[in-house]
Every structure is written in structure tokens, then in C-alpha cells.
Amino acid sequence: MNKTIAGTEIDVNEEGYLTNASQWNEAIAAAIAVEEGVGPLTDAHMKVVNYLREQQAKGAALTIRSMGKSGVVTTKELYDLFPGGPLKKSSKIAGIPKPVGCI
Amino acid sequence: MSKHLLILGGGTAGTMMANHLRRRLPTSEWRMTVVDRSDKHLYQPGFLFLPFGKYEESDIIRQTRDFMPRDVEFIQAEVDQITPENHAVTLKDGRELKYDLIIVATGCRTAPEETAGMLGPKWRVNVHDFYTLDGARALRDKLADFQSGRVVVHINEMPIKCPVAPLEFTFLADTFFREKGIRDKVTLTYVTPLSGAFTKPKASKKLGHLLGDKGIELVTDFVAEKVDQENNKLVCFDGREVPYDLLVTTPTNMGDEAVRRSALGDDLDFIPTQKHTLQSVEYPDVFVIGDATNLPASKAGSVAHFESETLADNVMLHIQGKPLKEEFDGHSNCFIESGNGKALLIDFNYEYEPHEGPFPFSFGPLKLLEESRLNHLGKLAFRHVYWNVLLKAWPLPGISRQKKKPAEA
């Protein structure tokens, strides 16, 4: 499905995650962050978002652990930056798929 | 002189590969060896039932050698290091094994030491696990005496082996306590680092009601900072706390320690593997199968089974110097116990999420993503299929290595 956000039309799934990573830009990220109640994105948020995008582009699995050990952010800081759901909210803002289980 | 195919790990994946390839590689040209630290083969799906007294240990333990073909040497030893540059594996007892081709099937293990406080003095007193034989036994004894209180079933982090097992455990616990007549004295809570018990839209829509129907409380997006054993509570990095009287945790899963000693793995000691061929990303003479890979597929026996069929073909192609099949599609298939003598069946792959429909044939007899008694009987019958058909690497009727496309997709 389509969604218009920050003046751009993007492809998203039923939960609002981007399905085409190449449509992502920082203005879209900022708008999703507001929708998710994360508020204005700071440099600290963007460090996490950019790290997630780099890892995703490399095909690496994204986990709280890999972020916590990346040197970019600690797990505790991640919860402070993206309260309520650090991995799902940061993934949505970064324009990458939601972390899921098998069902 | 004949060449040497070495298989590390004599579990589900390693045993299937030994059977597949011994049939296809002439003994005059290839000798084969399987190495495992244990000489016992454990039917791991049985760990889910053991704590509830539904299976005896004799149902789930066999001798590894009994499932190895003739003309495969079985060595019981601990692997120290793999050095692909030298085509060599060293064992802890000092022996060195040279190989021409290696299949790494070393599986995964639980790593409770990864979470602060988990291995404190109350480990296996009121902090339990069921992913190991010792853990499942200790939990069986604990549940036999359990009278009342807060039972918390917990997943520490993804990925885990058999990812639905903790949820199945929760459903079975609901039935177990009800049958004991103490369900009203027990609270059941399911704690997950994911955003729900069901995270895929179709399954979530179809099955989301199960938790509420059974009075199971759900806590999501919870990454445990520590287990506070002194105060009997799980503590999340964001400060949330979940108190328990009995914690049934699924610790972090990691690859074998030999993978770390060999510097072949990622940050969880899983080996980077090409997702459609099962060849190592780094070394062409190294193949990886089952829980040991870093593939975005479930860590489960059915996945290893489907992988083994593609990998057997690819090993033959590799030996002949031909291009490998880009074939493995992440196919996974499993029965999910939902309690009350019923189960669900799911079938999915990298591309398709679990969906509804008949299985394995167009007329069924099983139905996907639906609770039924037949699926439960299927799960119980599967133990015999495992010992007699699956491990011997015989084909399963109607069940192909690649997933059939869902009819309504």
C-alpha cells in the first residue's frame, strides 16, 4: 500500500514499515519518528538509524545484541532513545523491515 | 588415495548428511567421518513434553551410531578448531583430521551466562530452562510439586532454536495446571523481546486470540537486563520488572564454541552461509547446515531436513566442479502444540509467511494454521518418522524441499 509522508509517496506494509528501502530519506525518518512518539530526531537517534541501514544493506541480521556491541549505542541508551520498543521503532524510522519471529 | 569428507556434528543435520552422502559417494573414492562430543542422539522436540511428564527419557534418547550408515567412521570427541586454510580440524584430545571437504553441523547451544544473574544460586531452583535434557528433567521435577504462583515463560533474545517452543510450552502449561486442578492458583505470563507473541500478520490475525482465551498475560518489547534472583524478578533495560515464582527462560542461543575458537562465526557464533546454496560465504570447501548457519530461516529440524536435500546435491556438484544449485528457499514446517490435545501446523519460507490451506496434498488431510486434534496426533507420530525416516534421509511423501506456493497468495 501507499502512504504519503513528508510530501513523498512511499510503499509501506500494513504496519507502516517501508517495503522499498531506496525510497527512504531523512525527512521521511523525521516524520515517522513524530508518528511513533519518538519526537525530533537528534544526532544520537541518527547514529542508530544510519547504523541499522548500513547493517541491513550488508544483509546482516539486526539484533539488540549487535547494536549493543556495535559501539554506536548501549542497549539502555537504545531504550532511552526509542522508548516502548527500541528495535521495532528504530527499524521503522530507518525504513527497514520489522524484526519478527517465525509466526 | 581416497578423499575425505568430514562432518562435524552428529545431530539431526549431521546424521542426515552422513546418510545422504554415503549413498552417493563411492567408498573407493571417499571415506567419511562424523565427529560429535556425545554418542547419544537426543530427540529435541521431546524436551517440550518431558517437563509435563508426557514423554519418558527412553522415548527421546538413542545411540548416535545406530543412525550412522556403515562405512562412516564415528569419532566421539570435542572439536577444538577448524582451520579451513589448512583443510584441517584439531580435536581437544590433540588429534588432527585432514579433510578435502567439510560440512559443519555443530548446531547451537543455550548460553545462560550471557544474561546477568541468570546462572545465580537459584538456577534450576526456580529459574529453569527446557532446551537441554538436564534442564527439561529439572523442570519436570519442579512442575510435579508446583502448587501455586506466578509462572513466567521468557525468551531472552532472538534467534532461538525452534522459535515457537516457548509459546507451545506456555499453552501446554495452561492445560497442565488445569488438569491438575490448580489453574486458578497460577498466573501465566509470556515475556518476549519481539512486539508480540505472533509477529506475522496472518498468524497474528488467526491466532492472536489464543493467549487471551487461555488467560495468558503478554509482555512485549522486553529485553532483559538481568535476572534479579534475590527478589525473583526479571528486569528490562527500560526499568520494567516482571516478578515470578517460577521462571522458565529460553536463554540466548549461540553457535558451538568451536566456531568461536576458529573465528568462523558472527557475534553469536553462527557461521555466515550463502542462503540458497549452504556454502560458507568465505571458504568454498566448507558447507554449513542446520542451526550452525546464520541464515534467516528457523533453527529447526524441518529446516535442516529441507537443507540436507539441497546440500547433498550441492556437495556432489561441487565435487564435479559444477555450479551449485541456488535452491534452498528457507522452507520450514512445524507442528505447534496449542494445548487441550490440539495443535497447529505451519509451513513457510524466506518469502511466504505462514498461511492457511491444505497440507501436504491439495486435499489435505492436514490443514495449515488451524487448531486440530489431527495436528496434535501428527506431532506425536512425528517422533517415529524422525527416528525411522528423517534421520535416515529417506524422502517424506508429499513434502518437497522447496515450499509449494500458497494457493491464495
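Here the residue numbers are simple positions, counted from 1 along each chain's written sequence. By the order in which they are written, chains take letters starting at A while ligands take numbers starting at 1. It should be noted that, the model being predicted, local features are given only for residues of pLDDT at least 70 and side-chain atom pairs only at 80 or more, the latter also being counted only at that level, while totals for whole chains, interfaces and linings use all residues. Side-chain figures throughout are based on the complete set of non-hydrogen atoms in the structure, without hydrogens or water.

Our next topic: the interface of chain B and chain A. What makes two residues a contact is simply this: any of their non-hydrogen atoms within 4.5 Å. With 31 residues of chain B in contact, the opposing surface of chain A contributes 18 residues. Summing both partners gives a buried area of about 1,900 Å² for chain B against chain A, and 59% of it is carried by carbon and sulfur. We define a salt bridge as a side-chain nitrogen of Lys or Arg found within 4 Å of a carboxyl oxygen belonging to Asp or Glu. The interface formed by chain B and chain A contains two salt bridges. Between A:Lys76 and B:Glu225 there is a salt bridge, with the nearest N and O atoms lying 2.9 Å from each other. By buried area we mean the combined loss of accessible area, with a 1.4 Å probe, across both parts when two parts are placed together.

Residues and elements named next belong to chain B. Here three strands make up an open sheet; going across it, the order is E15-E16-E17 and the pairing antiparallel. Each edge of the sheet is formed by a strand with only one pairing partner; in this case those strands are strand E15 (224-228) and strand E17 (241-243). Taken over all neighbouring pairs, the strand axes of this sheet differ in orientation by 15° on average, direction set aside. Relative to strand E16 (residues 233-236), E15 runs antiparallel, the two being bridged by four bridges. Residue pairing across strands places aspartate 228 opposite lysine 233, the latter belonging to E16. Two strands pair under a simple rule: DSSP has to find at least two bridges between them. Strands are runs of DSSP state E lasting at least 2 residues, helices are runs of H or I lasting at least 4, and numbering of each runs from the N terminus. Between the N-to-C directions of two axes lies an angle of 0 to 180 degrees, each axis being a line fitted to C-alpha atoms and, for a helix, fitted only over the stretch in contact.

Take the sheet that holds strand E7 (residues 88-91) of chain B next. Residue and element names in this part refer to chain B. Strand order in the open sheet made by the three strands is E6-E7-E8, with antiparallel pairing throughout. Taken across any chain shown, the strands that pair with only one partner, and hence form the sheet edges, are strand E6 (79-83) and strand E8 (96-98). Across the sheet, the mean angle separating the axes of adjacent strands is 20° when strand polarity is ignored. Of the strand pairs in this sheet, E7 and E8 are connected by three bridges, and their pairing is antiparallel. Residue pairing across strands places alanine 88 opposite lysine 98, the latter belonging to E8.

Here the focus is the pairing of E6(B). Residue and element names in this part refer to chain B. The pairing of E6 with E7 spans four bridges and is antiparallel. Across the sheet, residue valine 79 finds its bridge partner in E7, namely leucine 91. Counting the residues in the hairpin turn of E6 and E7 gives four residues, including histidine 87, whose phi is positive at 55°.

Glancing now at the packing of helix H2 (residues 43-58) of chain A against helix H5 (residues 86-94) of chain A. Residue and element names in this part refer to chain A. The geometry of H2 relative to H5 is characterised by a closest axis approach of 9 Å and an angle of 75° between their N-to-C directions. When the axis of H2 is compared with that of H5, the two are roughly perpendicular. Contacts between H2 and H5 involve Val48, Val49, Leu52 and Arg53 on the former and, on the latter, Ser90, Ser91, Ile93 and Ala94. Think of it as three bins: nonpolar holds Ala, Val, Leu, Ile, Met, Phe, Trp, Tyr, Cys and Pro, charged holds Asp, Glu, Lys and Arg, and polar takes everything else, Gly as well. When the residues that make up the contact of H2 with H5 are grouped by side-chain class, the tally is five nonpolar, two polar and one charged. Under this scheme an angle from 65 to 115 degrees is roughly perpendicular, one under 35 degrees roughly parallel, and one over 145 degrees roughly antiparallel; angles in between are oblique.

Here we take up the nonpolar core. By size, the foremost hydrophobic cluster in this structure holds 90 residues, and its most contacted members are A:Ile103, B:Leu21, B:Ile103, B:Leu167, B:Phe169, B:Phe177 and B:Phe198. Each residue touching B:Phe198, except ones within four places of it in the same chain, is listed here: A:Ile103, B:Leu167, B:Phe171, B:Ala203, B:Ser204, B:Leu207, B:Gly208, B:Leu210 and B:Leu211. One finds A:Tyr79, B:Val127, B:Val219 and B:Leu247 within the second-largest nonpolar core, a separate group that totals 43 residues. Residues grouped as a nonpolar core are buried Ala, Val, Leu, Ile, Met, Phe, Trp, Tyr and Cys residues, joined through side-chain atoms within 4.5 Å. To sort residues, take the accessible area from a 1.4 Å probe on protein chains only and compare it with the maximum for the residue type: under 20% means buried, over 50% means exposed, and anything in between is partly exposed.

Looking now at the side chain of B:His318. All names here are of chain B. Following the sequence through the fold, histidine 318 ends up in helix H8 (residues 301-319). Of note is the side chain of histidine 318, whose polar atom sits 3.4 Å from the backbone oxygen of proline 284. Discounting residues that sit within four places of it in the chain, histidine 318 has contacts with Leu101, Gln279, Pro284, Asp285, Phe287 and Leu324. In protein, a polar contact means a hydrogen-donor-capable atom and an acceptor-capable atom, both N or O and within 3.5 Å, with residues adjacent in sequence counting only if both atoms are side-chain atoms; elsewhere, any N or O pair within 3.5 Å suffices.

Another point: unusual backbone geometry. Residues and elements named next belong to chain B. In this structure, the amide linkage connecting methionine 158 to the following residue, proline 159, adopts the cis form with an omega of 0°. Backbone torsion omega between glycine 364 and proline 365 reads 10°, so that peptide bond is classified as cis. Mapped onto the secondary structure, proline 365 falls in strand E24 (residues 364-368). One non-glycine residue, leucine 278, lies in the positive phi region at around 75°. Here leucine 278 lies in the loop between helix H7 (257-261) and strand E20 (286-288). Even without a glycine there, the phi angle at leucine 369 is positive, about 55°.

Bear in mind that shape data such as this cannot, by itself, settle questions of function.
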